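# An overview of the molecular structure
So the chains spell out like this:
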Protein chains: 6
Amino acid sequence: MGPESPAGYSCKPVTKVTIDDFVFSGLGIPGNTTNIINAAVTPAFAAQFPGVNGLGISAARLDLAPGGVIPMHTHPGASELLIVARGRITSGFISSANNVYYKTLKKGDSIVLPQGLLHFQVNAAKIHSVAFVSFSSPVPGLQILDFALFANNLPSLLVEKTTFLDDAQVKKLKAVLGGTG
Amino acid sequence: MGPESPAGYSCKPVTKVTIDDFVFSGLGIPGNTTNIINAAVTPAFAAQFPGVNGLGISAARLDLAPGGVIPMHTHPGASELLIVARGRITSGFISSANNVYYKTLKKGDSIVLPQGLLHFQVNAAKIHSVAFVSFSSPVPGLQILDFALFANNLPSLLVEKTTFLDDAQVKKLKAVLGGTG
Amino acid sequence: MGPESPAGYSCKPVTKVTIDDFVFSGLGIPGNTTNIINAAVTPAFAAQFPGVNGLGISAARLDLAPGGVIPMHTHPGASELLIVARGRITSGFISSANNVYYKTLKKGDSIVLPQGLLHFQVNAAKIHSVAFVSFSSPVPGLQILDFALFANNLPSLLVEKTTFLDDAQVKKLKAVLGGTG
Amino acid sequence: MGPESPAGYSCKPVTKVTIDDFVFSGLGIPGNTTNIINAAVTPAFAAQFPGVNGLGISAARLDLAPGGVIPMHTHPGASELLIVARGRITSGFISSANNVYYKTLKKGDSIVLPQGLLHFQVNAAKIHSVAFVSFSSPVPGLQILDFALFANNLPSLLVEKTTFLDDAQVKKLKAVLGGTG
Amino acid sequence: MGPESPAGYSCKPVTKVTIDDFVFSGLGIPGNTTNIINAAVTPAFAAQFPGVNGLGISAARLDLAPGGVIPMHTHPGASELLIVARGRITSGFISSANNVYYKTLKKGDSIVLPQGLLHFQVNAAKIHSVAFVSFSSPVPGLQILDFALFANNLPSLLVEKTTFLDDAQVKKLKAVLGGTG
Amino acid sequence: MGPESPAGYSCKPVTKVTIDDFVFSGLGIPGNTTNIINAAVTPAFAAQFPGVNGLGISAARLDLAPGGVIPMHTHPGASELLIVARGRITSGFISSANNVYYKTLKKGDSIVLPQGLLHFQVNAAKIHSVAFVSFSSPVPGLQILDFALFANNLPSLLVEKTTFLDDAQVKKLKAVLGGTG
């Protein structure tokens, strides 16, 4: 891919384009859920799947082991449409008007999660659950709340002032997630 | 849904919105493939799934029985991203530069099909294959080539003049697909 | 022009821009209609007329000798507005709902052809007819149905499976249009 | 047409749509040039040609009698592409960087005039000249400089303060164009 | 205002439009900062200032008493540009790549906060500070993190599972902010 | 910044981005009003404030000494939202329908000026007045009417033909503003 502009990456010359630019196999491989959230997100954004550049769409695969959770997060640049491919998943979002919308979805159910709003997925089955999600942009972005608050060098004092979380709570999660300050 | 404008349907009042507006169960139900193409498209566009109105995304389910084919078609208003959920599917498109791009995809593989270009899906497995597809618009539209040419009242003479198909061929397919003229 | 991105070409430095970047003379020259369709399309897209880059518009000239036809085609990236400058032209399109809309237009009549839908132009006069068309994008694209099906290496078997055309018909048109497979 | 929103008018129900919604004959009729500018603009915007609603394009016809002038004006909502259909026309625009670009165009020549910039057309032939123009929006708008300054109730004092024109000049043109204040 | 569509509200008839539709006085009035955050946001979104409907822009006023904080929040539908009008304000955001960007701004300084990302403002002066902010949409939306997590009926268990916050912390803030569940 | 495309400048690599890319101090400095208009515009467009690139917003500061005027002008690429920070300012615009909308605004009042329409600001106070304005694009453009007509090499004859201004008036203002021709 060429340099990035606000509208996406520069295009590959047509003479070098092959069918393999439009095909991506990564979503067929289960993500590694041996981690703190017992879950994994496998993205097929423009960075992983350059063929979606400029086409207004991208995708991802969610794997949730028993007890798995995709924690509260947002996509700053896209709405999301999720379909459950295996198991059962509780998913929902909180609106700009601060209303809560969530439901437990069975295999084959879809939910749409509007752009930029906090949302989550929780495995509601005793088995490994899988969902395929798509986005209304090739570069949806992903901001996981806990990573934004606790996994970087944002000073604890600033976190506490702007979230009203207790110092002990902030320090505890910074320790778990590798944050500093 | 309220009246339609170029940007979509009027919005439901927030006080009447529930989680069920954002959830759709239709993609979990196999489409009926007992038909001429041994295949079915189950759409979750704004007309079927009003929750996607204004959100830049929609979806559909493809069912392909053995020998099934989603015939050559376009979506005038959206790019498409397909993921194979079961079986094997040969899918591809023809570009504006008249190049052909297609591949046989296995379970978990994805392909992106750019907006407005002719594309197709053919079952490449001996079993019933399934794909989930998403679109970069809540109203992608769907124009199936054979229906456009042979399943309405477009006069045979005009079809022949503008496609170079033989009269016998046009008449034969008009008979099959219920077209007149 | 510089490299292409999804939003168009890189811009020329302002100091090198002259009035000639914004002027195009190609639409004043009749296209050569000595061909199989007795017709010609002369484009003024961004590739021919770089001044339209980023401006949301482009144009073309249609020449139709007696008996001339612009065959069934789509513009994946733009709506089209046609005005008859000479002669009489029958033009129309097929909608996403599979409805047919067409009419014979006299000099001075306009028709609008929505983005991505199959449409056509046929000379309805005994004289050479001319139309000027404009597009809602500098890069409207152009997919001519017969070229997409019969003028490349898309295997005949795939064409037949996805269009229900007879093998003889496909082979005949592939031979005429130089396709292989 | 239904009520207007920022994205255009509400759509007509599909069952009531006919080919006549997509066809407009007004551009075939010469505008009346017996007026102060010896010229006429015949618009085919969404207000006159509802079929362009939501399609990103519209058109107009310019008639310039000998000596005719389409005075300095802007289209706040669209770029313009002009093609000379008869005669010779001098057209040009002034850029944001205050550079001047103009040329005398012969029959068949095109010029593109970027969105929102002051531009003009002057008949450069001794005969009646005609141009067809198209716009990158169904609602391009039209702000004629002299009408904006002198043909409404904007107080002369405010005109003078904000344009540095002399009081006598402002009063003279207000008198000609029917302005007050 | 008329009914809302994804592109905004229906337009007022031109004959009823007056200058007062385009003028808003609410940003001149200090917000009431006698509250838990010692701060106030006064919006001039389309809901408060209908004149911005369809125009791609809106605004707000921030008042921060000594010790005041606009807590961590996002605007799902717009980027924000802030200018300090009085005092000193520490403002910043966390990127999709989880990088932290913040700075203490003095009177006259501006900061731009990209769409959909978590950001905050903290009074860095001992006096009442004021900022004017503008947004790249008439309906930017506003999701305040603590309100989304603790001021509605999202069950504590779900909050805890999706944020890793301790039960005591969640219960404490739900009590402060009026949340249930 | 990298090369410009219709969607903006190429992006800086993330590893080189710092908070200073998102902060701009230029709007805190009063513009020099010792000039012919007793006023100054200090822009914070993408050219001055690269951090707004791709974010759909930009800003400027207006300084108006007693008697100061921001002359009649347009922004071809953006709507404007103005807030009075000091003094009193008369501002308004002329619509596409040629209606005049203006009002004298006091400190804290806002006005929205739709994209591409002629508008102005006049100091209505006896003191130095200040406004902050924001735009719905990082590259709004600025076309000042008098500069477009009188401060370049557009021939006087063309100015006169397309504006109906008298030759003496045109020559006088060309002399004042440094125009030729």
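The rules behind the values
Residues numbered from 1 in each chain as written. Chains lettered and ligands numbered in written order. Predicted model: local features only at pLDDT ≥ 70, side-chain atom pairs only at ≥ 80, totals over all residues. Heavy atoms only, no water. Contact = heavy atoms within 4.5 Å. Buried area = accessible area lost by both parts, 1.4 Å probe. Salt bridge = Lys/Arg side-chain N within 4 Å of Asp/Glu carboxyl O. Pairing = 2+ DSSP bridges. Helix = DSSP H or I, 4+ residues; strand = E, 2+ residues; numbered from the N terminus. Buried < 20%, exposed > 50% of the residue type's maximum accessible area, 1.4 Å probe, protein only. Polar contact = N/O pair within 3.5 Å; in protein donor to acceptor, adjacent residues only side chain to side chain. Nonpolar A, V, L, I, M, F, W, Y, C, P; charged D, E, K, R; others polar. Phe/Tyr/Trp six-rings, centres within 6.5 Å; stacked < 30°, edge-to-face > 60°. Domains from an automatic or database assignment. Patch = residues over 30% accessible without salt bridge, like charges linked within 9 Å, V, L, I, M, F, W, Y side chains within 5 Å. Areas by Shrake-Rupley, 256 points an atom, 1.4 Å probe, with all protein chains shown as cover. Lys, Arg positive; Asp, Glu negative; His and termini not counted. Charge placed at Lys NZ, Arg CZ, Asp CG, Glu CD. Disulfide = S-S within 2.5 Å.

Counting residues at the interface gives 39 residues for chain F and 39 residues for chain E. Note on chain F versus chain E: buried area summed over both sides is about 3100 Å², and carbon and sulfur give 72% of it. Inspection of the region where chain F meets chain E yields two salt bridges. The residue E:Asp20 makes a salt bridge to F:Lys103 at a minimum N-O spacing of 2.4 Å.

Reading across the sheet, the six strands line up as β3(E)-β10(F)-β7(F)-β12(F)-β5(F)-β4(F) and stay open at both edges, with antiparallel pairing between neighbours. The open sheet is flanked by β3 (23–24) of chain E together with β4 (39–44) of chain F, the only strands paired with a single partner. Judged from the four bridges that link them, strand β7 (residues 80–86) of chain F and strand β10 (residues 110–113) of chain F form a sheet pairing that is antiparallel. The partner of F:Leu81 across the bridge, within β10(F), is F:Val112.

The next subject is the environment of B:Ile83. With respect to the helices and strands, B:Ile83 occurs in strand β7 (residues 80–86). Residue classification places B:Ile83 among the buried residues on the basis of a relative accessible area of 6%. For the pair B:Ile83 and B:Val133, spaced 50 residues apart in the sequence, the C-alpha separation amounts to 6.3 Å. Discounting chain neighbours no more than four positions away, the residues touching B:Ile83 are A:Leu27, A:Phe132, B:Gly108, B:Asp109, B:Ser110, B:Val130, B:Ala131 and B:Phe132.

This part covers the pairing of strand β9 (residues 100–106) of chain D. Residue and element names in this part refer to chain D. Sheet analysis places strand β8 (residues 88–94) next to β9, joined by seven bridges and oriented antiparallel. Bridge pairing links Arg88 to Lys106 in β9. Where β8 folds back onto β9 in an antiparallel hairpin, the turn is made up of five residues, including Asn98, whose phi is positive at roughly 70°.

Taken together, the contact between chain D and chain F spans 43 residues of the former and 42 residues of the latter. Here chain D packs against chain F, burying approximately 3700 Å² in sum over the two surfaces, 61% of which is carbon and sulfur. For chain D, the biggest contributors to the area lost against chain F are D:Gln143, D:Thr162 and D:Phe164; these three give 16% of the whole. Between the two partners, chain D and chain F, sit two salt bridges. A salt bridge links D:Asp166 to F:Lys172; the shortest N-O distance between them is 2.7 Å. Across the chain D-chain F interface, the total number found is 18 residue pairs in polar contact (both at pLDDT 80 or more). Of all elements in the fold, only β6 (69–74), β9, β11 (119–123), α1 (145–150), α2 (156–163) and α3 (167–177) of chain D reach the threshold of two or more residues within the side of chain D that touches chain F. Of the residues in the side of chain D that touches chain F, the class split is 26 nonpolar, 13 polar and four charged.

Let's shift gears to the packing of aromatic side chains. Across all of its chains, the model carries 36 aromatic pairs over all chains by this definition. Among the aromatic residues, ring-to-ring pairing joins A:Phe22, B:Phe93 and B:Tyr101 into one connected group.

With that settled, the discussion passes to the side chain of F:Gln143. Locating F:Gln143 in the fold gives a position in strand β13 (residues 143–144). On the basis of relative accessibility, which here comes to 3%, the residue F:Gln143 falls in the buried class. Side-chain polar atoms of F:Gln143 contact the backbone oxygen of D:Ile94, separated by 2.7 Å. Residues contacting F:Gln143, with those up to four places away along its chain left out, are D:Ile94, D:Ser95, D:Gly116, D:Leu117, D:Leu118, F:His73, F:Thr74, F:Pro76 and F:Ala148.

Glancing now at the domain arrangement of chain A. Residue and element names in this part refer to chain A. As far as domains go, chain A holds domain 1 (4–141) and domain 2 (142–181). For domain 1 and domain 2, the distance between their C-alpha centres works out to 25 Å. Both faces considered, domain 1 and domain 2 share a buried interface measuring about 590 Å² in area, 73% of it formed by carbon and sulfur atoms. Summed over the shared surface of domain 1 and domain 2, the result is zero salt bridges. The interface formed by domain 1 and domain 2 includes two residue pairs in polar contact (both at pLDDT 80 or more). Looking at side-chain class alone, the side of domain 1 that touches domain 2 contains five nonpolar, four polar and no charged residues.

A surface patch of positive charge is lined by A:Arg86, A:Lys107, B:Arg86 and B:Lys107. Counting through the fold element by element, A:Lys107 comes out in the loop between β9 (100–106) and β10 (110–113). Residue class for A:Lys107 comes out exposed when judged on its relative accessible area of 57%.

Evaluation of the coordinates by the stated rule reveals zero disulfides over all chains. The cysteine E:Cys11 is free of any disulfide, with B:Cys11 supplying the nearest cysteine sulfur at 14 Å.

This part covers the sheet that holds strand β4 (residues 39–44) of chain E. The strand order β4(E)-β5(E)-β12(E)-β7(E)-β10(E)-β3(F) describes an open sheet built from six strands, whose pairing is antiparallel. At either end of the open sheet lies a strand with only one pairing partner, and these are β4 of chain E together with β3 (23–24) of chain F. Summarising the sheet, strand β5 (residues 58–64) of chain E and strand β12 (residues 129–135) of chain E pair through seven bridges and their orientation is antiparallel. Bridged to E:Asp63 within β12(E) is E:Val130.

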